[in-house]
Amino acid sequence: MKFLLSFIILLSTFWLSELQAQGVHLSWYSNDEKNNTSNSIAVTWMGNTSNESIYYGTDSSKLKNKAPLEIKYSNELGLYTFKSKIQKLKPDTYYFYRIGTSLAQNPVYHFKTAPKVGTAKKVVVGIWGDTQDNKGNFNFVQTDSILGQMAKYPLHFTLHMGDIVENGSVIKSWKKFFDVSQPINANFPFMPVTGNHDVINDSNNADFQKPFPVFYDLFNLPENQLNYSFDYGNTHFVAVNSGVAQKASLEGKVLFGVNSKEYNWLEADLAKARKNKNIKWVVVFCHYPVYAYGVSLVTGWQENLKLLLDKYKVDLCLSGHRHVYERHKAIRGADIFESMDINVYDNPKGTVYITNGSAGGSLQGIGGSKSSTILFTPSERIYTYAVMELDGNEIKYEVFDKDNRKIDYFKIVKSK
Ligand SMILES: [Fe+2]
């Protein structure tokens, strides 16, 4: 009898866990006048049954509002996917939400809407990149440690530098990534760019440099989800898809060729942001670094992107790809600007370039200190993540290892 009871409990626990929502994550999905970071949000997840719903509200004990839901069966995932776009929210406000079926309730998660565009309020952004599950990071074990540390900070959202998984065609990697990152991604919007491992790398495929089909089941990002932008407070963030830059260069298929569709999109986007009086900072993030030690320059990719970063005086360019942390001097055109204090960029005349590619993927060689543009890189191979704080006229940037030791810090001051 005791054995039978234990068996029934075990079976029902397994059955109920099968009904739990999987890979719950938040993102922003739009940045227009009507729906933007201050009044809307997307919740995306996977599940075994189609019988799910989502309720939200400002009081965690009374989640009365039922959110709209788009439900689809994904053959790629072998699961149902759920995409909810919640609109007409109040700016700068905490909300709570719960996903569930009538039988299995998930935990209550939360999110906070952005303040109205132009508001110079403190914003805390988690920065991570290259979480790919290759040797040393199988099942995202290193990434899991990184996220455990990053969760200690009062984040508003995170930016991911791409190469989310080792091979974007491997479905179980995506499932595991979203499982491991759920504690962060279910509470703070997850805004990634695609890296060369996330997109189709067969140059004979008509969809070369576009994501694998499963990507479109898993994500709910603005615009075409590859090149997109959003405003948060007084900052304009722009995500740029670098594709498979090195291979594309050999085939004459490099993205962001001058006057290409994506180049013209970026030019129009940056021009609009620079005309917007509510926007003080412009931050671009892309997988391939524009400046990095040991990365061969890809003909057309870095040079073309840099034309626009220079022209529109982008403040900060964040990237990954190299599995290191590197911080460069401010650069514009051919000019490399020296700082009086290597930790302070005081009204810099150029863009500050950072590589943040060490949140899990097997660590790569060091030696960047030999490069003429580098201000700081660790002297040992080290897993890192960063916490960026935008506060009116200053950007503060702190870099930590997975034991939470501070590896580097700097600030950019723009008082003029
Ligand atoms: Fe990469």
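Quick notes on the rules
- Residues numbered from 1 in each chain as written.
- Predicted model: local features only at pLDDT ≥ 70, side-chain atom pairs only at ≥ 80, totals over all residues.
- Heavy atoms only, no water.
- Helix = DSSP H or I, 4+ residues; strand = E, 2+ residues; numbered from the N terminus.
- Buried < 20%, exposed > 50% of the residue type's maximum accessible area, 1.4 Å probe, protein only.
- Contact = heavy atoms within 4.5 Å.
- Areas by Shrake-Rupley, 256 points an atom, 1.4 Å probe, with all protein chains shown as cover.
- Lys, Arg positive; Asp, Glu negative; His and termini not counted.
- Charge placed at Lys NZ, Arg CZ, Asp CG, Glu CD.
- Pairing = 2+ DSSP bridges.
- Axes fitted to C-alpha atoms, helices over the stretch in contact; angles between N-to-C directions.
- Donors = N, O, S within 2.8 Å, 3.2 Å for Na, K, Ca; no water.
- Tetrahedral: all angles 85-135°; square planar, octahedral: opposite > 155°, others 65-115°.
- Salt bridge = Lys/Arg side-chain N within 4 Å of Asp/Glu carboxyl O.
- Domains from an automatic or database assignment.
- Buried area = accessible area lost by both parts, 1.4 Å probe.
- Core = buried A, V, L, I, M, F, W, Y, C linked by side-chain atoms within 4.5 Å.
- Arc of directions from axis to C-beta.
- Phe/Tyr/Trp six-rings, centres within 6.5 Å; stacked < 30°, edge-to-face > 60°.
- Lys NZ or Arg CZ within 6 Å of the ring centre and 35° of its normal.

**Details of the overall build of the chain**
- Tallying secondary structure elements over the chain gives 8 helices and 23 strands in all.
- Expressed as lengths along the three principal axes of its C-alpha atoms, the size of the chain is roughly 75 × 45 × 45 Å.
- Across the 416 residues that make up the chain, the buried fraction comes to 59%.
- Of all intrachain contacts in the chain linking residues separated by at least 6 positions in sequence, the fraction that spans at least 24 positions is 71%.
- With the model as given, the accessible surface of the chain reaches about 17,700 Å², and the carbon-plus-sulfur share is 52%.
- Charge separation in the chain, taken as the distance between the mean sites of 46 positive and 40 negative side-chain charges, equals 5 Å.

**Regarding the sheet that holds strand 18 (residues 344-346)**
- Pairing in this open sheet of 7 strands is mixed, and the strands run 11-10-9-21-22-23-18 from one edge to the other. Only two strands of the sheet have a single partner each, and these edge strands are strand 11 (190-192) and strand 18. Averaged over all adjacent pairs, the angle separating strand axes in this sheet is 20 degrees, with direction ignored.
- Across 5 bridges, the pairing between strand 9 (residues 123-128) and strand 21 (residues 384-391) is antiparallel. Directly across from isoleucine 127, in strand 21, lies its bridge partner alanine 386.

**Quick look at the coordination of the iron ion**
- Within the protein, Asp163 (OD), Asn196 (OD1), His287 (NE2) and His321 (ND1) serve as the donor atoms for the iron ion, at 2.1 to 2.2 Å.
- Coordination at the iron ion comes from 4 donor atoms whose angles at the metal span 86 to 165 degrees, giving a geometry best classed as irregular.

**Side note on the environment of glycine 168**
- Position of glycine 168 relative to the elements: it lies in the loop between strand 10 (157-160) and helix 3 (171-180).
- Residue classification places glycine 168 among the buried residues on the basis of a relative accessible area of 0%.
- Measuring from C-alpha to C-alpha, the distance between glycine 168 and asparagine 196 comes to 9.1 Å, with 28 residues separating the pair along the chain.
- Excluding residues within four positions of it along the chain, glycine 168 makes contact with Trp174, His197, Phe212 and Val214.

**Re the side chain of glutamate 262**
- Residue placement: glutamate 262 occurs in helix 7 (residues 261-275).
- Within the buried set, glutamate 262 has no salt-bridge partner at all; the shortest N-O distance to an opposite charge, 7.2 Å, is to lysine 261.
- Excluding its chain neighbours within four sequence positions, the residues that come into contact with glutamate 262 are Asn227, Leu255 and Phe256.

**Some details on unusual backbone geometry**
- The phi torsion at aspartate 92 lies on the positive side, around 55 degrees, for a residue other than glycine.
- With respect to the helices, strands and loops of the structure, aspartate 92 is situated in the loop between strand 6 (79-86) and strand 7 (94-100).
- A relative accessible area of 26% means that aspartate 92 is categorised as partly exposed.
- Of note, phenylalanine 140 is a non-glycine position whose phi angle comes to about 60 degrees, a positive value.
- Mapped onto the fold, phenylalanine 140 is located in the loop between strand 9 and helix 2 (141-150).

**Looking at the domain arrangement of the chain**
- Annotation of the chain at the domain level lists domain 1 (24-112) and domain 2 (123-413).
- Placing a centre on the C-alpha atoms of domain 1 and another on those of domain 2 gives a separation of 26 Å.
- With 27 residues of domain 1 at the interface, the matching set in domain 2 holds 27 residues.
- Around 2,400 Å² of area is buried between domain 1 and domain 2 when both sides are counted, 55% of it from carbon and sulfur atoms.
- The largest contributions to the domain 1 side of the interface with domain 2 come from His25, Trp28 and Glu76, which together make up 27% of the buried area.
- For the interface between domain 1 and domain 2, the tally reads 1 salt bridge.

**Examining the nonpolar core**
- Counting 89 residues, the largest nonpolar core has Tyr97, Leu159, Phe237, Leu318, Met388 and Tyr397 as the members making the most contacts within it.
- Taken domain by domain, this core gets at least three of its residues from each of domain 1 (24-112) and domain 2 (123-413).
- Excluding anything up to four places from it in sequence, phenylalanine 237 contacts Phe157, Leu159, Tyr228, Ser229, Phe230, Tyr232, Val283, Phe285, Met388 and Leu390.
- Counting residues in hydrophobic clusters, the runner-up holds 29 residues, among them Leu266, Leu270, Ala273 and Tyr353.

**Digging into helix 2**
- Among the residues of helix 2, Gln142, Thr143, Ile146, Leu147, Gln149 and Met150 are the ones counted as buried. Considered in projection along helix 2, the buried side chains sweep an arc of 160 degrees and stay on one side of the axis.
- Here the buried face of helix 2 lies against strand 9, strand 10, helix 3, helix 4 (182-185) and strand 21.

**Thoughts on the packing of aromatic side chains**
- Under the criterion given, the structure shown has 33 aromatic pairs.
- Ring centres of phenylalanine 177 and phenylalanine 178 lie 5.3 Å apart, and the angle between their planes is 75 degrees; this geometry places the pair in the edge-to-face category. Comparing phenylalanine 177 with phenylalanine 178 shows no difference in burial state: the two are buried.
- Cluster of aromatic residues (ring-pair linked, three or more members): Trp128, Phe140, Trp174, Phe177, Phe178, Phe190, Phe215, Tyr216 and Phe219.
- Lying across the ring of tyrosine 409, lysine 406 places its NZ or CZ 5.6 Å from the centre.
- For lysine 414, the ring lying beneath its charged end belongs to tryptophan 281, and the centroid distance is 4.8 Å.

**Comments concerning the sheet that holds strand 7**
- Strand order across the open sheet formed by 4 strands is 4-3-7-8, with antiparallel pairing between neighbours. The open sheet is flanked by strand 4 (65-66) and strand 8 (105-112), the only strands paired with a single partner.

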